[in-house]
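# A closer look at the structure
Listed here are the chains, written in short residue letters.
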Amino acid sequence: QVTLVESGGGLVQPGGSLRLSCTASGRFLTMNEVGWYRQVPGKERELVAGISSDGRMRYADSVKGRFTISRDRAKNTVYLTMNSLKPDDTAVYYCKAAIVLISMARVDYWGQGTQVTVSS
């Protein structure tokens, strides 16, 4: 059994910062590609940032220069540091991780989501 847990969401004023965490727990070999996504009601879930198993990062144009994705392999955790937040960043943020299980099977897992609200 593998679970992903996000944390770090909350209410922040425009221009403020938050750091989200996505931690994998359970029995598995490795956590490979990880992506942070966000979704607002009535819209499709969109990729915000991703980090590959070898550390390559990619970002949506809307967050380039403001958001940074990073990982701590020892803690099985991926972070999303969000600076200069705007009201348009308000959404539920989810992480998705490609997990290699003990059986060598590769399975994608989603976290439960964490709400980020940017408002004055």
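Read on for an overview of the structure. (Residues numbered from 1 in each chain as written. Predicted model: local features only at pLDDT ≥ 70, side-chain atom pairs only at ≥ 80, totals over all residues. Heavy atoms only, no water.)

### Focus on the nonpolar core
- The biggest cluster of nonpolar side chains holds 31 residues, and the ones touching the most others in it are Met31, Trp36, Leu80, Met82, Tyr93 and Ile99.
- Among the secondary structure elements, those contributing two or more residues to this core are strand S1 (2–7), strand S3 (18–26), strand S4 (30–39), strand S5 (46–51), strand S7 (67–72), strand S8 (77–82), strand S9 (91–100) and strand S11 (114–118).
- When residues in this core are grouped by element, the largest group, 5 residues, is from S9.
- Ignoring sequence-local partners within four residues, the contact set of Ile99 consists of Val2, Ala24, Phe28, Thr30, Met31, Ala105, Arg106, Val107 and Tyr109. (Core = buried A, V, L, I, M, F, W, Y, C linked by side-chain atoms within 4.5 Å. Buried < 20%, exposed > 50% of the residue type's maximum accessible area, 1.4 Å probe, protein only. Helix = DSSP H or I, 4+ residues; strand = E, 2+ residues; numbered from the N terminus. Contact = heavy atoms within 4.5 Å.)

### Observations concerning the sheet that holds S1
- Ordered in space as S1-S3-S8-S7, the 4 strands form an open sheet in which the pairing is antiparallel. The open sheet is flanked by S1 and S7, the only strands paired with a single partner. Within this sheet the neighbouring strands show an average axis-to-axis angle of 15°, counted without direction.
- Sheet topology note: the S1/S3 ladder contains 6 bridges and is antiparallel. Counted as the bridge partner of Ser7 is Ser21 from S3. (Pairing = 2+ DSSP bridges. Axes fitted to C-alpha atoms, helices over the stretch in contact; angles between N-to-C directions.)

### Focus on the environment of Ser103
- Looking at the secondary structure, you find Ser103 in the loop between S9 and strand S10 (106–110).
- Assessed through its relative accessible area of 54%, Ser103 is described here as exposed.
- Taking the C-alpha atoms as reference, Ser103 lies 28 Å from Ile69; in sequence the two are 34 residues apart.

### Some remarks on the pairing of S11
- Every second residue of S11 is oriented toward a common face, the buried set being Thr114, Val116 and Val118 and the non-buried set Gln115 and Thr117.
- Alignment of strand S2 (residues 10–12) against S11, held across 3 bridges, turns out to be parallel. Within S11, the position partnered with Val12 by the bridge is Val118.

### Regarding a nonpolar patch on the surface
- Taken together, the side chains of Leu29, Ile102 and Met104 present a nonpolar region at the surface, about 320 Å² in accessible area.
- Structurally, Ile102 is set in the loop between S9 and S10.
- With a relative accessible area of 45%, Ile102 lands in the partly exposed category. (Patch = residues over 30% accessible without salt bridge, like charges linked within 9 Å, V, L, I, M, F, W, Y side chains within 5 Å. Areas by Shrake-Rupley, 256 points an atom, 1.4 Å probe, with all protein chains shown as cover. Salt bridge = Lys/Arg side-chain N within 4 Å of Asp/Glu carboxyl O.)

### Here we look at the state of the cysteines
- In total, this model carries 1 disulfide according to the counting rule given.
- Note on cysteine connectivity: Cys22 is disulfide-linked to Cys95, with sulfurs 2.0 Å apart. One quick way to see it: the torsion about the S-S bond of Cys22 and Cys95 is about 65°, and its sign makes the bridge right-handed. On the criterion of sequence distance, the pair formed by Cys22 in strand S3 and Cys95 in strand S9 is long-range, its members being 73 residues apart.
- Given a relative accessible area of 0%, Cys95 falls into the buried group. (Disulfide = S-S within 2.5 Å.)

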